[in-house]
Amino acid sequence: MNAEIIAVGSELLLGQIANTNAQYISEQLAEAGVDVYYHTSVGDNPVRLSQAVKVAQGRADLLIFTGGLGPTKDDLTKETIAKALGTGLSMDGEALESIKAYFQKTKRQMTPNNEKQALILEGSASLKNENGMAPGMFLKKDDISYMLLPGPPSEMRPMFSKYGIPAILGTLKRKEIIYSRVLRFFGIGEAQLETDLEELIDTQTNPTIAPLAGDGEVTLRLTAKHESKSVAAELLDGVEEKILNVVGDYFYGYDQDSLVEVGMKLLKDKGLTLSCAESLTGGLFQSEITTLPGASAVLKGGVVCYQDEIKKKVLSVREDTLKQHSAVSEQCALELAGNVRTLFASDIGISFTGVAGPDDLDGKKAGTVWIGLAVKDRPAKAFLLNLAGGRNGNRKRTAKYGWHYLLKELT
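Calculation notes
Residues numbered from 1 in each chain as written. Predicted model: local features only at pLDDT ≥ 70, side-chain atom pairs only at ≥ 80, totals over all residues. Heavy atoms only, no water. UniProt positions renumbered as here; feature names shortened; annotations may be inferred. Helix = DSSP H or I, 4+ residues; strand = E, 2+ residues; numbered from the N terminus. Rg over C-alpha atoms; globule rule 2.2 N^0.38 Å. Contact = heavy atoms within 4.5 Å. Patch = residues over 30% accessible without salt bridge, like charges linked within 9 Å, V, L, I, M, F, W, Y side chains within 5 Å. Areas by Shrake-Rupley, 256 points an atom, 1.4 Å probe, with all protein chains shown as cover. Salt bridge = Lys/Arg side-chain N within 4 Å of Asp/Glu carboxyl O. Lys, Arg positive; Asp, Glu negative; His and termini not counted. Charge placed at Lys NZ, Arg CZ, Asp CG, Glu CD. Buried < 20%, exposed > 50% of the residue type's maximum accessible area, 1.4 Å probe, protein only. Pairing = 2+ DSSP bridges. Axes fitted to C-alpha atoms, helices over the stretch in contact; angles between N-to-C directions. 1 Å grid on protein atoms, 1.4 Å probe; cavity = no way out; pocket = protein on both sides within 12 Å on 5 of 7 lines; lining within 4 Å. Points joined across faces, edges and corners; volume = space filled by probe spheres on them. Nonpolar A, V, L, I, M, F, W, Y, C, P; charged D, E, K, R; others polar.

- The name recorded for the protein chain in an unreviewed UniProt entry is Putative competence-damage inducible protein, from Rossellomorea oryzaecorticis.
- On record in UniProt, under Sequence similarities (unreviewed entry), the comment for the protein chain is "Belongs to the CinA family."

### Quick look at the overall build of the protein chain
(1) Moving on: Helix and strand content of the protein chain: 15 helices and 17 strands.
(2) Moving on: Here the C-alpha radius of gyration of the protein chain, 29 Å, is well above what a compact globule of 411 residues would show, namely 22 Å.
(3) Moving on: Considered along the principal axes of its C-alpha atoms, the protein chain spans approximately 85 × 55 × 40 Å.
(4) Moving on: Taking the intrachain contacts of the protein chain between residues at least 6 apart in sequence as the baseline, contacts between residues at least 24 apart amount to 65%.

### Considering a negative patch on the surface
(1) Moving on: Negative charge collects at one region of the surface, where Glu190, Glu194, Glu198, Glu199 and Asp202 lie side by side.
(2) Moving on: For the negative patch, the elements supplying multiple residues, two or more each, are helix 7 (190–196) and helix 8 (198–202).
(3) Moving on: The greatest single-element share of the negative patch, amounting to three residues, is contributed by helix 8.
(4) Moving on: Structurally, Glu194 can be placed in helix 7.
(5) Moving on: Residue Glu194 is classed as partly exposed on the basis of its relative accessible area, which comes to 37%.

### Observations regarding the UniProt feature "domain: MoaB/Mog" (unreviewed entry) in the protein chain
(1) Moving on: UniProt tags residues 4–170 as "domain: MoaB/Mog" (unreviewed entry).
(2) Moving on: Secondary structure across residues 4–170 comprises 41% helix and 23% strand; the distance between its end C-alpha atoms is 18 Å.

### Comments concerning the environment of Ala388
(1) Moving on: Turning to its location among the elements, Ala388 is positioned in the loop between strand 17 (381–386) and helix 15 (391–410).
(2) Moving on: Take Ala388: its relative accessible area is 68%, and that puts it in the exposed class.
(3) Moving on: Considered as a pair, Ala388 and Ala366 are 22 residues apart in the sequence and their alpha carbons are 7.9 Å apart.

### Re the sheet that holds strand 10 (residues 208–214)
(1) Moving on: The four strands lie next to each other as 10-11-9-12, forming an open sheet whose pairing is antiparallel. Edge strands, defined here as strands with exactly one partner in the open sheet, are strand 10 and strand 12 (251–254). The mean inter-strand angle of the sheet, taken between neighbouring strand axes irrespective of direction, is 25 degrees.
(2) Moving on: In this structure, strand 10 lies alongside strand 11 (residues 217–226), joined through seven bridges in antiparallel fashion. Looking at the pairing, Ile209 lines up with Leu222 of strand 11.
(3) Moving on: Against the sheet, helix 9 (residues 229–247) contacts strand 9 (177–185), strand 10, strand 11 and strand 12, and its axis sits at roughly 25 degrees relative to strand 9.

### Notes on the pattern of salt bridges
Pairing between side chains of opposite charge can happen when the charged atoms of each approach one another.
(1) Moving on: The tally for this structure, following the rule as stated, stands at 16 salt bridges.
(2) Moving on: For Glu240, the salt bridge goes to Arg181, with nearest N and O atoms at 2.6 Å. Residue Glu240 is found in helix 9, and its partner Arg181 is found in strand 9; the two are separated by 59 residues along the sequence.
(3) Moving on: Judged by relative accessible area, Glu240 falls into the buried class, the value being 8%.
(4) Moving on: Given the relative accessible area of 13%, Arg181 is considered buried.
(5) Moving on: In this structure, the salt-bridge partner of Lys265 is Asp269, at a minimum N-O distance of 2.9 Å. Of the two residues, Lys265 and Asp269 are both situated in helix 10 (residues 259–270); the distance of four residues between them amounts to about one turn of the helix.
(6) Moving on: What you see here is one network of salt bridges that share partners, running through Arg181, Asp237 and Glu240.

### Details of the environment of Pro150
(1) Moving on: Considering the arrangement of structural elements, one finds Pro150 in the loop between strand 8 (144–149) and helix 6 (153–169).
(2) Moving on: C-alpha separation for the pair Pro150 and Thr290, spaced 140 residues apart in sequence, amounts to 40 Å.

### Brief notes about the layout of surface pockets
(1) Moving on: Roughly 760 Å³ of volume is contained in the largest pocket.
(2) Moving on: The wall of the largest pocket is formed by 24 residues, among which Ser26, Glu27, Ala30, Ser180 and Arg221 lie closest to the centre.
(3) Moving on: The set of elements that each furnish at least two residues to the lining of the largest pocket consists of helix 2 (20–32), strand 2 (35–42), strand 9, strand 10 and strand 11.
(4) Moving on: Of all the elements, strand 9 adds the most residues to the lining of the largest pocket, at six residues.
(5) Moving on: For the lining of the largest pocket, the residue count by class is ten nonpolar, seven polar and seven charged.

Now the structure itself:
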């Protein structure tokens, strides 16, 4: 079975609200083994909605509509679909009584147009709305299934989960499970990752491999389909092993993991403490740490040393270093990392210094960054970055590279 989700509402096209319903339904359908190939948004217009229905009928077995089930004149989803299917509407007595009870309970007058919310497609199964008024409905006609759901997420989600998914599962001849796993990578671009994995991607069948870049990182979504969840997991394990054999150096986590979360967990597990010297990043690295519970077990403290005077007076960077090499240098990064570790008596010191941009500084191009790393009982190291991007983008990527190098050093 493949599905198309059609969201009805002019407010979606005007950008007044985001279509989170489609995202939620797609996630639920994936777990049920239903492929979603199209998302469509259409305004409150019967002609355009009819056209959308006609197009979807030619490419999907299951059409799911959200929105347009309310009492007002622009709520026209079920009327339009009834006309498209050549069927009528009938009153859902239970839903009507529920609507009347709501108005009695709230001591409000029920206007006649509210009865419209209790209408459902003739021959359809009613999907009870336990969080609102308008019921949903499910109808199979000419080998195509139609499901109509309310637009408000607070009504749609529980209805779809409790009544919608069971109705869909009842029509599936083979109940496959779609099981996904996201692998997260940093320090390698999407193009390079795809090139390195070209053979695996070109020969993918089940599981499939889908690369996605965003926010300076690259992810691979692995998706396996099988009736048995355990077999699907085994399929994913096999392809994951092949991927990590090629690009495992850049892998850091799964699904919703973030670099800072993975890094903090590693430091906690090893019982290591951290201190930071931040010039370029201006406290961003420490700020991200303190968003996590238990940060005090790892972070001892840090210094935002934006000006050279602070680098000298607080973190004891030698004046000769700044004169001969400048603040944006390997030598300065190493001194900052080592001296901040000493100052806070931590196991690890990390430093960030560079030119955020957009302009060059002291003969150094915008995007030139040095990260210093001083780990107890190990030689200090410094890493050079040449970033291309906006000022804040460079700062955020620098902070992520800090965790990237820290993870590589400790694992």
